[in-house]
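So the chains spell out like this:
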Amino acid sequence: MMTAPNAKYSKDTSRASMAKRRIMDSATGLFAERGYGNVGINEVGVTAGFGKGALYYHIRSKEDLLVSIVYDHMDRLTAETKLAAGKCVKTAEKIYAMAAIFVEHLLEYADAMTVSYRDIHAVAAPENIQVVDDLHNNYRQIWTDVFENGARSGEHRPVSDQEIEIFLAMMFSSVFWVGPGSETDPEKLIATFSHNVISAVQAPVG
């Protein structure tokens, strides 16, 4: 069951004002390039063209800015993945469609994808940790539902939660080696991801 979006980071964040969007875009690029811990909030403001006072008018803190970036990306990735899966019937088709959405985001939103996977360990406030956990749980739930339905229909064996974590870790870890300038063939990458997952769930365990 998916968790309802947190109002603090819901549509008011993903459809931010032009000023908030500029700040988020600047921070995303800086965080992705150098790492969240190596970028100061004042540097984000300078890059976005805001003084300290104006910057804090639009954001609460550096950590909340990070969570806003993760929310904005993961919420969109989850919605598009769910829509793509819903258009397919067979499990293999669903997996291919979901992998295709993932690769599209991986290549088109490389910085946001990197920040959303690599830098979330920096989130410390309990409220923010819960928001990030909910985002990733919502995404994972789409895959869980697909595998549960596929197992019930006899298309493949039951798939454990641990296996789903492994599949998703395989995909998300690609942020470290795929991106602009990597000369990655999208179709080959989609085929690789989907083939590995489909083959694994159709093979017996043990």
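Coordinates for the structure precede this section.
Treat the numbers as computed from the prediction; the structure is a model and nothing was measured. Going along each chain's sequence as written, the residues are numbered from 1 onward. Residues qualify for local features only when their pLDDT is at least 70, as the model is predicted, and side-chain atom pairs are given and counted only at 80 or more; totals for whole chains, interfaces and linings, by contrast, use all residues. Excluding hydrogens and water, the side-chain values take into account all heavy atoms of the structure.

Participant: Which parts of the structure should I look at to understand the pattern of salt bridges?
Facilitator: Pairing between side chains of opposite charge can happen when their charged atoms approach one another. Take a side-chain nitrogen of Lys or Arg and a carboxyl oxygen of Asp or Glu: if they are within 4 Å of each other, that pair is a salt bridge. Following the criterion strictly, the structure yields seven salt bridges and no others. With its nearest N and O atoms 3.3 Å apart, the salt bridge here joins R21 to D72. Here R21 is found in helix α2 (residues 18-34), whereas its partner D72 is found in helix α5 (residues 62-86), with 51 residues between them in sequence. One salt bridge in this structure joins D119 and R118, with 2.9 Å as the shortest N-O distance. Note on exposure labels: buried denotes an accessible area under 20% of the residue type's maximum, exposed denotes more than 50%, and partly exposed covers the range between, all computed with a 1.4 Å probe on protein chains only. Overall, D119 belongs to the buried group, its relative accessible area being 3%. Only DSSP runs of H or I with at least four residues qualify as helices, and only runs of E with at least two residues qualify as strands; both kinds are numbered from the N terminus onward.

Participant: Sorry if this is basic, but what is going on with the packing of aromatic side chains here?
Facilitator: Two descriptors summarise a pair of aromatic rings, namely the distance from one centre to the other and the angle between the planes of the rings. Classification of ring pairs uses Phe, Tyr and Trp, with its six-membered ring standing for Trp, and accepts pairs whose centres are within 6.5 Å; under 30 degrees between planes counts as stacked, over 60 as edge-to-face, and the remaining range as tilted. Under the criterion given, the structure shown has eight aromatic pairs. Pairing F102 with F193 gives two aromatic rings, centres 6.1 Å apart and planes at 80°, and the pair type is edge-to-face. Of this pair, F102 sits in helix α6 (residues 91-108) while F193 is found in helix α10 (residues 186-202), placing the two residues 91 residues apart along the sequence. As far as the burial class goes, F102 and F193 line up, both buried. Arranged with centres 6.2 Å apart and planes meeting at 40°, the rings of W143 and F147 form a pair that is tilted. Here the residue W143 and the residue F147 both occupy positions in helix α8 (residues 126-152), the gap between them amounting to four residues, near one helical turn. The exposure class of W143 is buried, given its relative accessible area of 1%. Aromatic ring contacts, followed pair by pair, group F102, Y117, Y139, F172, F176 and F193 into a single cluster.

Participant: Whenever I open this one, the nonpolar core confuses me. Can you help?
Facilitator: Proteins that are soluble and globular tend to have nonpolar side chains buried together. Within this scheme, the nonpolar core is defined by two criteria: the residues are buried Ala, Val, Leu, Ile, Met, Phe, Trp, Tyr or Cys, and they are joined through side-chain atoms within 4.5 Å. Membership of the largest hydrophobic core comes to 59 residues, with the highest contact counts inside it found for F31, V44, L65, Y139, W143 and F147. Mapped onto this core, the elements with two or more residues apiece are α2, α3 (41-48), α5, α6, α7 (110-118), α8, α9 (161-172) and α10. Of the residues forming this core, the biggest block, ten residues, is contributed by α5. Note on contacts: a residue pair is in contact if any heavy atoms of the two residues lie within 4.5 Å. Every residue in contact with V44, bar those within four places of it in the chain, is listed here: I23, S26, A27, L30, F31, V39 and L65.

Participant: It is not clear to me how the side chain of H136 should be interpreted in this structure. Could you clarify?
Facilitator: Along the chain, H136 falls in helix α8. Sequence-distant contacts of H136, defined by excluding residues within four places in its chain, comprise M74, S116 and I120.

Participant: Looking at this model, I keep getting lost on the packing of α5 against α6. Mind explaining?
Facilitator: Helix packing for two helices is described by the angle between their axes and how far apart those axes are. Fitted lines through C-alpha atoms serve as axes, helices being fitted only where they are in contact, and the angles separating the N-to-C directions of these axes extend from 0 to 180 degrees. Between α5 and α6, whose axes approach to 8 Å, the crossing angle comes to 150°. The orientation of α5 with respect to α6, classified from their angle, is roughly antiparallel. Here α5 runs over α6; the crossing is right-handed. Along the contact surface, α5 presents H73, R76, L77, E80, T81, A84, A85 and G86, while α6 presents K94, A97, M98, I101, F102, E104 and H105. Put simply, Ala, Val, Leu, Ile, Met, Phe, Trp, Tyr, Cys and Pro go in the nonpolar bin, Asp, Glu, Lys and Arg in the charged bin, and everything else, Gly too, in the polar bin. Counted by class, the contact of α5 with α6 contains seven nonpolar, four polar and four charged residues. Orientation labels follow simple angle bins: below 35 degrees gives roughly parallel, above 145 gives roughly antiparallel, 65 to 115 gives roughly perpendicular, and whatever is left gives oblique. Helix crossings get a hand from a simple test, with the near helix turned counterclockwise from the far one by less than a right angle marking a left-handed crossing and a clockwise turn marking a right-handed one.

Participant: How should I be thinking about α9 in this particular structure?
Facilitator: Side chains of residues three or four places apart in an α-helix project in the same direction, reflecting 3.6 residues per turn. Multiply 1.5 Å by the residue count of a helix minus one, and that product is the helix's expected span. Along its twelve residues, α9 runs 16 Å from first to last C-alpha, staying within 8% of the 16 Å computed at 1.5 Å per residue. For α9, the full list of buried residues reads E163, I164, F167, L168, M171 and F172. For α9, the angular spread of the buried residues around the axis is 165°, confining them to a single face. Among the exposed residues of α9, those oriented more than 90 degrees off its buried face are Q162 and I166. Packed against the buried residues of α9 are α5, α6, α7, α8 and α10. Directions from the helix axis toward the C-beta atoms define the arc.

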